[in-house]
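Chain and residue survey
Take a look at the letters that make up each chain.
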Amino acid sequence: MLQNDITFFARFEPDILAGRKTITIRDAAESHFQPGQRLRTGRYEDNGYFCTLEVISTTPVALNELNDEHARQENMTLAELRQVIAEIYPGLDEFYVIAFKRIS
Ligand SMILES: CC(=O)Nc1cc[nH]c(=O)n1
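Quantities reported herein were computed from a predicted structural model and do not represent experimental measurements.

**With respect to the UniProt feature "active site" (unreviewed entry) in the protein**
As annotated in UniProt, the feature "active site" (unreviewed entry) corresponds to Lys21, Thr24 and Glu74 in the numbering used here. The largest pairwise C-alpha distance within this set of annotated residues, which runs over 54 residues, is 7.9 Å, so the set is compact in three dimensions. Restricting the annotated residues to those that line the largest pocket leaves Lys21, Thr24 and Glu74. With respect to the helices, strands and loops of the structure, Lys21 is situated in the loop between α1 (13-17) and β2 (23-26). Setting aside residues up to four positions removed in sequence, Lys21 forms contacts with Phe8, Phe12, Asp15, Ile16, Gln73, Glu74 and Phe100.

Here it is in structure tokens:
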């Protein structure tokens, strides 16, 4: 079976498929994605493929630089986004914003 290049928690799948979520904020371990790269995208929980994303950009960001535009691109409030990031990456404050578009 083909490997996925990136995974998302299943709760984010509907927003990605609908185009409501157009960025993901990851730690250094997932900072290698390059503009133009096409990513087989699956669910974290079962690794099931659900779409292909094309990377638009990968941009470093500090936790304290997250703003309302990042939140809008995640389809969250800024408070929700900060809480989600703190839960996924406790204690970290250096991240990468991966902007993407869904191509299939
Ligand atoms: C599986 C996983 O880490 N998913 C994440 C992490 C950060 N942002 C996001 O949208 N999804």
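**A few points about the sheet that holds strand β5 (residues 94-102)**
The strands that make up a sheet are held in pairs by hydrogen bonds between backbone atoms, and each pair lies either parallel or antiparallel. Read from one edge to the other, the open sheet built from five strands follows the order β1-β3-β4-β5-β2, with strand pairing classed as mixed. Of all strands in the sheet, those with a lone pairing partner are β1 (6-8) and β2, marking the two edges. Across the sheet, the axes of successive neighbouring strands diverge by a mean angle of 45°, strand direction being ignored. The pairing of β1 with strand β3 (residues 38-43) spans three bridges and is classified as parallel. Among the inter-strand pairings, Ile6 is bridged to a residue of β3, identified as Thr41.

**With respect to the layout of surface pockets**
Over the atoms rolls a probe the size of a water molecule, and in doing so it shows where empty space is left. Here the largest pocket is characterised by a volume of approximately 220 Å³. The wall of the largest pocket is formed by 16 residues, among which Thr7, Phe9, Arg26, Ile88 and Tyr89 lie closest to the centre.

**Here we look at the pairing of β5**
Pairing of β2 with β5 involves four bridges; the strand directions are antiparallel. Its bridge partner lying in β5, Arg26 is registered against Tyr96.

**Some details on the site of the ligand**
Neighbouring the ligand are Thr7, Phe8, Phe9, Phe12, Lys21, Thr24, Ile25, Arg26, Tyr44, Ile88 and Tyr89. Between the ligand and Lys21 there is a distance of 2.7 Å, counted from an oxygen atom to a side-chain nitrogen or oxygen. Within the contact set of the ligand, an oxygen atom lies 3.0 Å away from a side-chain nitrogen or oxygen of Thr24. Protein contact buries 93% of the 300 Å² of open area that the ligand shows by itself. Placement of the ligand is best described as lying within the largest pocket. Listing elements by their share of the shell around the ligand, those giving two or more residues are β1 and β2. Top element by residues in the shell around the ligand is β2. It accounts for three residues. In terms of residue class, the shell around the ligand is made up of seven nonpolar, two polar and two charged.

**Considering the nonpolar core**
Grouped together as the largest cluster of nonpolar side chains are 25 residues, with contacts concentrated most on Phe8, Ile16, Ile25, Leu81 and Ile85. Those elements that place two or more of their residues in this core are β1, β2, β4 (49-62), α3 (78-88) and β5. Leave out the neighbours within four places in its chain, and Ile25 touches Leu66, Glu74, Leu81, Ile85, Tyr89, Phe95, Tyr96 and Val97.

Parameters at a glance
All residue numbers here refer to positions counted from 1 along the written sequence of the relevant chain. In view of the model being predicted, local features appear only for residues whose pLDDT reaches at least 70, and side-chain atom pairs are presented and counted only at 80 or more, with totals across whole chains, interfaces and linings using the full set of residues. Heavy atoms throughout the structure, all of them, feed into the side-chain values; hydrogens and water do not. UniProt positions are given in the numbering used here, feature names are shortened, and annotations may be inferred rather than shown by experiment. The distinction between a cavity and a pocket rests on a 1 Å grid over the protein atoms alone: a 1.4 Å probe fits inside a cavity but cannot get out, while a pocket stays open yet meets protein on both sides within 12 Å along at least five of seven lines, and a residue with an atom within 4 Å of a point counts as lining. Secondary structure elements follow DSSP: runs of H or I of four or more residues count as helices, runs of E of two or more count as strands, with numbering from the N terminus. Only heavy atoms matter for contacts: two residues are in contact if any of them lie within 4.5 Å across the pair. Note: two strands are recorded as paired if DSSP finds a minimum of 2 bridges between them. A fitted line through C-alpha atoms serves as each axis, taken over the contacting stretch for helices, and the angle formed by two N-to-C directions is quoted from 0 to 180°. Grid points are joined across faces, edges and corners, and a volume is the space filled by probe spheres set on the points. By convention in this text, a residue qualifies as near a molecule or strand provided that one of its non-hydrogen atoms is within 4 Å of it. Here a polar contact is taken to be a pair of N or O atoms separated by no more than 3.5 Å, where protein atoms must pair a possible hydrogen donor with a possible acceptor and residues adjacent in sequence count only if both atoms sit in side chains. The protein chains shown are the only cover counted for residues, whose accessible areas, like all others here, come from Shrake-Rupley with a 1.4 Å probe. Molecules are considered to sit inside a cavity or pocket once more than half of their atoms lie within 2 Å of its grid points. Polar here means any residue other than Ala, Val, Leu, Ile, Met, Phe, Trp, Tyr, Cys and Pro, which are nonpolar, and Asp, Glu, Lys and Arg, which are charged; Gly is therefore polar. Definition of nonpolar core: a set of buried residues of the types Ala, Val, Leu, Ile, Met, Phe, Trp, Tyr and Cys, connected through side-chain atoms within 4.5 Å. The rule is simple: take the accessible area with a 1.4 Å probe, protein chains only, and divide by the maximum for that residue type; under 20% is buried, over 50% is exposed, in between is partly exposed.

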